[in-house]
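Per-entry structural report
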Amino acid sequence: MLKNQKGLTLVEMMLGIGLFAIVISIVVAVQVKMSQQQVEMIRKLDDSVDQHLAERILFKDLSGIDISYNNLLVKDDHGNNFYDFYPDITENILKVRTDRELNLTLAGKDAFYVFSQNSAAGPLLTFDPMWAYDVGPEPADPNTPASLEFNGEKNRKWISNESNGGRPGFWKVGHLLFYDTPSRIRPSVGDVIDKTIPPRSSFFLGAVISGSDLLQKVSGDAAGLFNMTEPDTGDAINSLDDFLRKVPAVGGGQTVVRVRAARLVKYYIEPDTKKNAELYKIAPANFFMAEYRNGQFEQPTLLADGVGRVLFRRDSVVKKMIYFKIEKAELK
């Protein structure tokens, strides 16, 4: 038999090299695409974990915010108080906008505040105002009341003494204590009560400070966040003594005062300088939280980066439900 002694021709060799180059280019293209998809999946997974963690923290804080309603002053995107609440009327009585929406964006509002009960310090305490006073000697005239002198040390001891039914976890430096009453009052003009004004109670919010038996009225960054005035007269409540002396009775009966440990948290955004803003449809932001203690908001905690918008919304001022959403900034 005759064998082919020629080997590969130049055409066959070029054809083989061409086919090999095509196969290599396909393999490289597939690898590049897979690498890009893997990077995108990792980025989306990081964003998802980041976003879900921030939403869980938000959910926890928003679960105990009953004390925010009609007490905390936060303007929404339309200039209305976000925490307005009407528990005793229907929407048709109100002739104004009844929903509330606040968006945290770099081009709009940059902060949202949450005032909630600090359940970790202990449950609500029903407080007898006489726990904070020294009563003077009984006067000879039965129509003349005995003198009352506010005693901050007595107030502290009653609150922090567990054997008396107090709450030892309340009186700790930096804690906020919230005194209020179940009575809800609207101001009136003559005999007419304006039901378009949300009903609220008087209250006092003070901070426990080191080496003192007196509660310090919230100040600094938090001073303008609370409507700490008498609901019927508009008079300022400057101390716990002011509050306790004027607290209204409940339905004409005995005065009831409640005390809760509370937290004031600021959620806010700032530009995310670590990301190239030109790659995004809107500039990305960092989403932070900071708690108010000792007259100021403490060092913030970063909850999420690359954020485009944080939404807070209420469907109606006759409902307490708050919806929220954290949206990541979209790439172009």
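Residues numbered from 1 in each chain as written. Predicted model: local features only at pLDDT ≥ 70, side-chain atom pairs only at ≥ 80, totals over all residues. Heavy atoms only, no water.

Some points on the pattern of salt bridges
Stated formally: The salt bridge definition used is simple: a Lys or Arg side-chain nitrogen within 4 Å of an Asp or Glu carboxyl oxygen. Secondary structure elements follow DSSP: runs of H or I no shorter than four residues count as helices, runs of E no shorter than two count as strands, and numbering proceeds from the N terminus. Burial status follows relative accessibility: with a 1.4 Å probe on protein chains alone, a residue under 20% of its type maximum counts as buried, one over 50% as exposed, and anything between as partly exposed.
Tallied over the entire structure, the rule returns 22 salt bridges. The salt bridge involving R258 is made with D180; its shortest N-O contact spans 2.9 Å. Taken as a pair, R258 in strand β11 (residues 257-271) and D180 in strand β6 (residues 176-180) lie far apart in primary sequence, 78 residues in all. D180 shares its class with R258; the two are buried. The closest approach of N and O atoms between R293 and E298, which form a salt bridge, is 3.4 Å. Judged by relative accessible area, which is 23%, R293 ranks as partly exposed. A cluster of three or more residues bridged by salt bridges with shared partners is formed by R97, D99, E101, R313 and D315.

Observations concerning the nonpolar core
The following threshold applies: Here, nonpolar core means buried Ala, Val, Leu, Ile, Met, Phe, Trp, Tyr and Cys residues that are tied together by side-chain atoms lying within 4.5 Å of each other. Contact between two residues is taken to exist if any of their heavy atoms lie within 4.5 Å; hydrogens are not considered.
Core analysis: the largest hydrophobic core is formed by 70 residues, its most contacted members being Y83, Y179, L264 and F287. The element that contributes the greatest number of residues to this core is β11, accounting for nine residues. When residues no more than four places from it in sequence are discounted, the contact partners of Y83 are I65, S68, Y69, N70, L72, V74, F112, Y113, V114, R314 and I322.

Re the side chain of R100
Note the following rule: Here a polar contact means two N or O atoms within 3.5 Å. Within protein one must be a hydrogen donor candidate and the other an acceptor candidate, and residues neighboring in sequence count only if both atoms are side-chain atoms.
Relative to the helices and strands, R100 resides in strand β1 (residues 100-104). Side-chain polar atoms of R100 contact the backbone oxygen of N81, separated by 2.8 Å. Those residues in contact with R100 that lie beyond four places of it in its chain are D76, N80, N81, F82, D84, F312, R313, R314 and V317.

Regarding the packing of aromatic side chains
Defined as follows: Working definition: a ring pair exists when centres of Phe, Tyr or Trp rings (six-membered ring for Trp) sit within 6.5 Å. Plane angles under 30 degrees give stacked, over 60 give edge-to-face, the rest tilted. The rule for a charge over a ring is simple: NZ of Lys or CZ of Arg within 6 Å of the ring centre, and within 35 degrees of the ring normal.
According to the stated counting rule, one finds 18 aromatic pairs in the structure shown. Each ring, one from Y69 and one from Y83, has its centre 5.8 Å from the other, and the planes form 75°; the classification is edge-to-face. Of this pair, Y69 sits in the loop between α1 (10-62) and β1 while Y83 sits in the loop between α1 and β1, and the two are 14 residues apart along the sequence. Neither residue differs from the other here; Y69 and Y83 are each classed as buried. Joined through ring pairs, the aromatic side chains of Y69, F82, Y83, F85, F112 and F312 make up one cluster. Across the ring face of Y268, the terminal group of K266 is positioned such that the distance to the ring centre comes to 4.9 Å. When the ring centre of F297 is taken as reference, the NZ or CZ atom of K266 above it lies at 5.8 Å.

Examining the pairing of strand β2 (residues 111-117)
Where a strand is regular, its side chains alternate between the two sheet faces. Using the following cut-off: At least two bridges found by DSSP between two strands is the condition for calling them paired.
β2 sits mainly inside the fold: six of its seven residues count as buried. Relative to β11, β2 is paired through seven bridges, and the arrangement is antiparallel. Bridge pairing in β11 links A111 to Y268.

Some details on the pairing of β1
For β1, the buried fraction is high: four of the five residues fall into the buried class. Note that β1 and strand β14 (residues 301-314) share five bridges and pair antiparallel. Opposite N103, over in β14, you have L311 as the bridge partner.

So, unusual backbone geometry
Of note, N70 is a non-glycine position whose phi angle comes to about 65°, a positive value. Looking at the element boundaries, N70 is found in the loop between α1 and β1. Looking at N70, the relative accessible area reads 9%, which means it is buried. A positive phi is found at N294, a non-glycine position, where the angle reads about 55°. Here N294 falls in the partly exposed class, since its relative accessible area comes to 49%.

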